[in-house]
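One-letter residues, chain by chain:
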Amino acid sequence: MDATFFFDPACPWTWRTSRWLVAVADARGLRVEWRAFSLAILNEGKSAPEFADVLAASSRALRLVEALRADGRPDDVARFYAEVGARSHDAGNPLSPKIVDAAVEAAGLGDAAAALDDERWDRAVRESHALAYASAGPDIGSPVLMVPGAERGMHGPILTEVPGTDDALTIWDSLLPLLHLPAFHELKRGRH
């Protein structure tokens with residue numbers, strides 16, 4: 001794979017970044033591996049009842065992500081995530097079990113749908129999350145981007161909107177060398 005993208009499907013910032021990466025992958029012929037990053041795991045022990053339903057729906061979706069990944073189906077993961085994002089983030093709806101189930105159906109993944117409610121996949125989600133966190137953490141969230149040959153991954157990039165192809169490629173071409181520099185740590189500016 002040319003890039004590994006760890007994501008939580010509940011996060012709207014992550015959704016924008018994923019669409020940036022899809023544009024880059026299409027323009028450059030890159031292969032993307034899609035992996036689980038769990039905001040539910042990241043926030044374990046912290047009280048946030050207003051997000052409980054969203055994080056539960058996300059946890060179900062991430063089981064399917066890791067089941068498909070284990071079965072060597074990265075294109076199916078990408079298609080599933082695209083359907084989830086269109087129904088939730090693009091439509092302005094919080095992630096829900098109904099959205100996850102509709103995305104499975106729209107992506108044609110009925111053969112793998114049992115993974116949504118199979119707690120045996122929770123271990124794979126935790127392992128994926130731990131890999132991403134160890135690569136880019138501490139003090140990070142979703143998404144995490146890793147590229148081959150780089151010592152560490154990075155949290156982000158965080159984008160306020162999905163850029164056009166030229167800007168998408170400029171971001172990629174700027175980030176790639178930074179990811180390969182062990183001395184590079186962080187770029188950040190406040191959100192408006």
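Preceding this section is the structure that the text describes.
Residues numbered from 1 in each chain as written. Predicted model: local features only at pLDDT ≥ 70, side-chain atom pairs only at ≥ 80, totals over all residues. Heavy atoms only, no water.

### Looking at the pairing of strand 1 (residues 3–7)
Now for step 1: Burial runs high along strand 1: five of the five residues are buried.
Now for step 2: With burial as the criterion, each face of strand 1 is covered, one bearing Ala3, Phe5 and Phe7 and the other bearing Thr4 and Phe6.
Now for step 3: As paired elements, strand 1 and strand 2 (residues 32–36) share five bridges and run parallel to each other. By the bridge assignment, Phe7 is partnered in strand 2 with Ala36.
Now for step 4: Running through helix 1 (residues 12–28), the crossover from strand 1 to the neighbouring parallel element strand 2 is right-handed. (Buried < 20%, exposed > 50% of the residue type's maximum accessible area, 1.4 Å probe, protein only. Helix = DSSP H or I, 4+ residues; strand = E, 2+ residues; numbered from the N terminus. Pairing = 2+ DSSP bridges. Right-handed = clockwise from strand over helix to strand, strands pointing away.)

### A short note on the nonpolar core
Now for step 1: Grouped together as the largest cluster of nonpolar side chains are 46 residues, with contacts concentrated most on Trp20, Leu64, Phe80, Leu95, Leu145 and Trp172.
Now for step 2: Within the residue set of this core, elements represented by two or more residues are strand 1, helix 1, strand 2, helix 3 (52–70), helix 4 (74–90), helix 5 (97–106) and helix 7 (165–179).
Now for step 3: Excluding residues within four positions of it along the chain, Leu145 makes contact with Ala3, Thr4, Phe5, Trp20, Leu21, Gly153, Met154, Gly156, Trp172 and Leu179.
Now for step 4: Cys11, Phe37, Ile140 and Val144 belong to the second-largest nonpolar core, a separate cluster that totals nine residues. (Core = buried A, V, L, I, M, F, W, Y, C linked by side-chain atoms within 4.5 Å. Contact = heavy atoms within 4.5 Å.)

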